[in-house]
Amino acid sequence: MTLMWIGDLVLLLVVIPAVVIILRRVITPAFEIKAYVDDITVHGAQFAPHLEALSELDTTRHLVKQVNADLERYVRALDRTR
Amino acid sequence: MDPAHIVLLIGVTIAVAAIAGYLTAIALILKHVVNRLVTVLAAVDAVTETAEPVGAVIDDINRDLAVGRQLIENGVERLEESRVPVGATAEPAARHAPDASDGGTATAAPPAPAAVAAPPPAPADPPPAPVEPTPAPARPEAEPPKRGRGWWHR
């Protein structure tokens with residue numbers, strides 16, 4: 001019976017605190033990971049609106065082509081005036 | 001039932017409950033993390049699809065800009081070779097000078113550009129030396145001006 005009580009005391013005073021400590025050491029990084037993932041999600045969601053201007057690059061390309069054509073005409077006209 | 005057994009059961013129950021609670025919390029956190037990572041992955045995929053053709057488009061724009069720059073440079077070079085800069089000759093002023101025989105007024109004729117455009121001072125000219133105020137020399141033989149006539153009549 002004495003051994004039973006000693007075992008109870010060990011369970012209550014050693015095993016359970018050890019389990020709690022170990023599990024806390026596991027759950028603390030898990031909470032940190034959760035915070036980081038939330039942060040990544042918040043800032044990652046802002047990523048797409050910043051890249052909306054990339055669709056305008058097509059327009060820029062067309063405009064540059066038009067400018068080149070007009071520039072060529074201008075230089076040709078300038079050559080004719082000489 | 002022995003009290004020791006009851007305490008043992010209570011202890012084991014507490015330990016199991018603690019382990020179960022922590023594991024449940026960890027499982028919930030991991031589920032949340034997985035959901036967020038799926039969202040982030042979808043966003044990254046969308047960004048990748050959006051930014052995929054950008055390199056080719058920018059290369060095309062750069063090529064067009066280089067061609068345009070070359071066009072301008074060639075045109076300017078040809079222009080510089082064939083023309084004297086405007087204003088370097090007197091032709092425009094002579095061409096626009098009014099002629100009296102055509103009914104124009106000769107009085108309105110502008111002066112020749114050579115007369116108008118005075119040659120700029122040579123850059124090598126030294127700047128004029130600062131004039132220091134010197135007292136006028138006394139002239140003992142000069143009479144003092146009489147009052148009433150005005151010195152400006154002399």
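Because the structure is predicted, anything quoted here is derived from the model rather than measured. (Residues numbered from 1 in each chain as written. Chains lettered and ligands numbered in written order. Predicted model: local features only at pLDDT ≥ 70, side-chain atom pairs only at ≥ 80, totals over all residues.)

A tally of regular secondary structure across chain B gives four helices and zero strands. Reading the secondary structure of chain B in the N-to-C direction produces α-α-α-α. For chain B, the proportion of its 154 residues judged to be buried stands at 1%. (Helix = DSSP H or I, 4+ residues; strand = E, 2+ residues; numbered from the N terminus. Buried ≥ 20, exposed ≤ 12 C-beta atoms within 10 Å, placed from the backbone.)

What chain A contains, in helices and strands, is three helices and zero strands. For chain A, the sequential pattern of α-helices and β-strands runs α-α-α. Counting only residues that meet the buried cut, chain A has 2% of its 82 residues in that class.

What follows is about the interface of chain B and chain A. Contacts between the two partners involve 40 residues from chain B, matched on the other side by 42 residues from chain A. Those elements that provide at least two residues to the side of chain B that touches chain A are helix 1 (3-51) and helix 2 (54-82) of chain B. Among the elements that line the side of chain B that touches chain A, the one with the most residues is helix 1 of chain B, at 24 residues. Residues belonging to the side of chain B that touches chain A are distributed by class as follows: 28 nonpolar, seven polar and five charged. (Contact = placed C-beta atoms within 7 Å. Nonpolar A, V, L, I, M, F, W, Y, C, P; charged D, E, K, R; others polar.)

Bringing helix 1 (residues 2-45) of chain A into the picture now. Helix length check: helix 1 of chain A, at 44 residues, gives a terminal C-alpha distance of 63 Å against a target of 64 Å (1.5 Å per residue), a fit within 8%. At Leu11 of chain A, helix 1 of chain A shows its largest kink, close to 35 degrees. (Expected span 1.5 Å × (residues − 1). Bend = angle between axes of the 7 residues up to and from the residue.)

Here we come to the packing of helix 3 (residues 57-81) of chain A against helix 2 of chain B. The N-to-C vectors of helix 3 of chain A and helix 2 of chain B enclose an angle of 15 degrees; their axes lie 9 Å apart at closest approach. Between helix 3 of chain A and helix 2 of chain B, the crossing angle belongs to the class labelled roughly parallel. As for the relative orientation of helix 3 of chain A and helix 2 of chain B, their crossing is left-handed in sense. Broken down by class, the residue content of the contact of helix 3 of chain A with helix 2 of chain B amounts to 15 nonpolar, four polar and eight charged. (Axes fitted to C-alpha atoms, helices over the stretch in contact; angles between N-to-C directions. Parallel < 35°, antiparallel > 145°, perpendicular 65-115°, else oblique. Left-handed = near helix turned anticlockwise from the far one by under 90°.)

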